[in-house]
Amino acid sequence: MSRALFTSSPLRQRFRPLWWLGIAYVAISFVTRIVLLVMSGNNVAPHPLHWLYAFGVGFGYDLITFLYLAWPMVLFLWLVPTRRAPVAGVGRWLLYLVGMAALYAATLGALFLLWHVHLKESWPILAVFLFFLPMPALAYNRASGQWGLYILGLVLLYGLLFVAASELVFWNEFSSRFNFIAVDYLVYTTEVIGNIRESYPIGSWLALLVVLALVVFLLSRRGLRARDDGSTLLQRARVPLVWLLLTVVSVAAVNGEMKDRTANNYVNELAGNGIYQFFAAFRSSHLDYKKFYRSLPDDQAFRLVREDLKAPNASFVSDDPRDLTREIRANGPEKRLNVVLISVESLSGDYLGTFGNKEGLTPFLDSLVDKSIFFDNLYANGTRTVRGLEALSLSVPPTPGDSLVREHDNENLFSLASVFNDRGYESEFVYGGYGYFDNMNYFFGHNGYKTVDRSAIPKDMPIHSQNVWGVADEDLYTLALNQMDQIHAAGKPFFLHIMTTSNHRPYTYPADRVKFQAPSRPGAVAYTDWSIGDFIRRAQAKPYFANTVFVITADHCASSAGKTSIPINRYHIPLWIYAPKQFQPRRVEQLTGQLDIPPTLLGLLDFSYRSRFFGQDVFQLPTDRGHAFPGTYEKLGYVHGDTLTILEPRKRLEQLKPDFATGDATPVVPVKQALVDTAVAYYQVASDLYKHGGMARRPADATKVEPLPAPAASAPAPAASTPAPAGATSAAGAATAP
């Protein structure tokens, strides 16, 4: 704040505490950035230019963020009267409180009528009212004003330290400043707070922050001395007016992507500001595709997608250029096999011995490789569970902003369950936690699945371990087996989608299952492997085992951090399709996207059906047609061949040649425009169809589709895969697959 602004000594006196707050905040941000740099390790090369960029650009973001977070103190210094409290006496106070309560109630009513904001969602409004409530009782030059300033300063200081500590924890988990994940976490405070309490000594940390805040406050409290030799409310109004102008200009002129100018994503993240990035992510939770991203004429976009969806076994049902509905015809009669789809929490490909891990974390899953159809080059749609669920249930690319699982108007969509249900299957989504989290129960319950979550566990069923996210995976599988038994007893085939939780922080699991002591990330992975093996062995004793297909994959990888904006190695996940009595084992090396799993599974079952899936049966495609759609909440990736195309907000574009092992990448020059157009077309068409109801299930989707006259053999085409090598795994004994 320029000294020229303060034309009188009383103004300088009155607003001097802003210097205290600004210096404290910049110092905390500087120390936070140093700690994050150390935590980044060798991901940030020790180069002066990297440091200069991170701290120079970061200082600019810190100053802009200070404009926002200093508003409580700016308002306090402006509004608190100088010498006399305007509200005194019991009668006036009662009248004032009644008036404030009425204003608060009116505000809540207006918010509900205009935007349907409920009481539990309106706590920020309550915080604002509580901030203004005591001001009429204060006088700046008296003890009440001084103590009010001290309390406000101490609260802000503690809040800044708390945010800094939270950033360190967030960076340790995600190697990123606050982003859309942090925004999501505020919605589900019960799970998030429970997860933090179970993962960290939160009581001790909060106490240490209190001590640190008090020490810093006591050493620097001279900067908070209240003094004003006679300014008026109107004179002081110049400061908040200028502050408001600077705030508006910064909002219009600066955005969170302006820092992303280096090739190293760690350096870009260090140059950011956690508070600023949090609110930028909040504003980006709903991104209209055509407004923020590159686009094509609609007819061209739909034409490109329809062309890319062509397959030998598929034919479009109409000539409507904007209808993606195809009839998929199998080469033989349908196999009415039971299906169990397991999406395993955070099962990165890096954890498998099959992919080079030397820790021996997954002996059972490694042994399953040469007994299954195993996919070596499968890539997830995103970095959150809801993105995996979206791909596995709807077979769509990840739309920008929020996942469709959490979007409004996400009912009655064309889903994998709807295909099974048309054939008399019982489809269920089985989850070890409470399904209100991430809107899972609502989404699955309105898209063809019966939802079965933690609340459905019988009271007499033993629970071996549990945490805030859910029961131990072995208990989840017990619940799933109960559901499978019941459906089988009713004479119906079943399709179960099981979502696990044990491989999630705080990484707790039952004792004596694996060699690692809980809590432990390697132990959680090993327990995940053990529990899947235990589930398969228990299922083997069931009468329906020979007629059941087990599909095992991950929702996403354990880490999303990397030097590039979409580090492709952080999207590599495994896939097993295990049915020893039905399918010959083989290794599939073709590039595959997570959204291809539903149609590929239906192809193995020889289902003939109507489809609007964006994914395809990979066994019907040439090996050079494979692609994947890795993305974040705002960066939309398209992998084809050796090229990764990334669409970004503000219509920006990156095209890279990724190293699939390390995630590093080099720019592609010149840009391959055909791949850019294909990427744009897929994301544009997916967003358009969802926005205008084109993904909805239609009555005609249940139309019976006749198979092609062909041999009964249903093995995958050899051109797309190779037989599993003998001795592909070293696991043996109880750790091996049945």
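Up top is the structure.
Nothing here was measured: the structure is a model prediction, and the numbers come from that model.

Cut-offs used in this document
- Residues numbered from 1 in each chain as written.
- Predicted model: local features only at pLDDT ≥ 70, side-chain atom pairs only at ≥ 80, totals over all residues.
- Heavy atoms only, no water.
- Helix = DSSP H or I, 4+ residues; strand = E, 2+ residues; numbered from the N terminus.
- Rg over C-alpha atoms; globule rule 2.2 N^0.38 Å.
- Buried < 20%, exposed > 50% of the residue type's maximum accessible area, 1.4 Å probe, protein only.
- Core = buried A, V, L, I, M, F, W, Y, C linked by side-chain atoms within 4.5 Å.
- Contact = heavy atoms within 4.5 Å.
- Pairing = 2+ DSSP bridges.
- 1 Å grid on protein atoms, 1.4 Å probe; cavity = no way out; pocket = protein on both sides within 12 Å on 5 of 7 lines; lining within 4 Å.
- Points joined across faces, edges and corners; volume = space filled by probe spheres on them.
- Nonpolar A, V, L, I, M, F, W, Y, C, P; charged D, E, K, R; others polar.
- Axes fitted to C-alpha atoms, helices over the stretch in contact; angles between N-to-C directions.
- Polar contact = N/O pair within 3.5 Å; in protein donor to acceptor, adjacent residues only side chain to side chain.

Trainee: Would you mind going over the overall build of the protein with me for this structure?
Mentor: A count of helical and extended segments in the protein gives 24 helices and 17 strands. For 738 residues, the compact-globule formula gives about 27 Å, and the C-alpha radius of gyration of the protein, at 29 Å, lands near that figure. Dimensions of the protein, computed from C-alpha atoms along their principal axes, come out at roughly 95 × 60 × 55 Å. Per-residue burial over the protein gives 55% buried out of 738 residues.

Trainee: It is not clear to me how the nonpolar core should be interpreted in this structure. Could you clarify?
Mentor: In globular proteins that are soluble, nonpolar side chains generally tend to be buried together. Core analysis: the largest hydrophobic core is formed by 122 residues, its most contacted members being Phe420, Ile498, Phe535, Val549 and Phe614. When residues in this core are grouped by element, the largest group, eleven residues, is from helix H24 (residues 673-691). With residues near it in sequence (within four places) discarded, Phe614 still touches Val305, Leu309, Leu324, Ser395, Val396, Pro397, Leu595, Tyr682, Val685, Ala686, Leu689 and Met695. Ranked by size, the runner-up nonpolar core spans 38 residues in total, among them Phe15, Leu75, Leu160 and Ala164.

Trainee: Looking at this structure, how should I read the pairing of strand E7 (residues 494-499)?
Mentor: Within a regular beta strand, the side chains point alternately toward one face of the sheet and then the other, so they alternate between its two faces. With six of six residues buried, E7 lies mostly within the body of the structure. Neither face of E7 is exposed, since Phe494, Leu496 and Ile498 on one face and Phe495, His497 and Met499 on the opposite face are all buried. In this sheet, E7 lies alongside strand E3 (residues 338-344) in parallel orientation, the contact comprising five bridges. Along E7, the bridge assignment pairs Val340 with Leu496. Sheet topology places strand E5 (residues 426-431) next to E7; six bridges connect them, and they run parallel.

Trainee: Explain empty space enclosed by the protein here, please?
Mentor: Once rolled over the atoms, a probe with the size of a water molecule shows which space is left empty. If you walk through the whole model with that rule in mind, you get five cavities of 30 Å³ or more. Size it by volume and the largest cavity reaches roughly 110 Å³. Lining the largest cavity are 14 residues, and of these Tyr25, Ser29, Thr32, Val163 and Glu167 sit closest to its centre. If you trace the second largest cavity, you find it lined by Leu324, Leu394, Val396, Leu413, Phe414, Arg612, Phe613, Phe614, Leu689, Gly694 and Met695. Its residues assigned to classes, the lining of the second largest cavity shows nine nonpolar, one polar and one charged.

Trainee: How should I be thinking about the sheet that holds strand E12 (residues 609-611) in this particular structure?
Mentor: Pairing between the strands of a sheet is mediated by backbone hydrogen bonds and can be parallel or antiparallel. Taken in spatial order, the three strands make up an open sheet running E1-E2-E12, and their pairing is antiparallel. The open sheet terminates on both sides in strands that have one partner only, identified here as strand E1 (314-316) and E12. Averaged over all neighbouring strand pairs, the angle between strand axes comes to 30°, with direction disregarded. Bridge analysis of strand E2 (residues 326-328) against E12 gives three bridges, and the strand direction is antiparallel. What sits directly across from Glu327, in E12, is Arg610.

Trainee: Could you clarify how one ought to interpret the side chain of Arg423 in this entry?
Mentor: With respect to the helices, strands and loops of the structure, Arg423 is situated in the loop between helix H19 (416-421) and E5. A distance of 2.9 Å separates a polar side-chain atom of Arg423 from the backbone oxygen of Val419.

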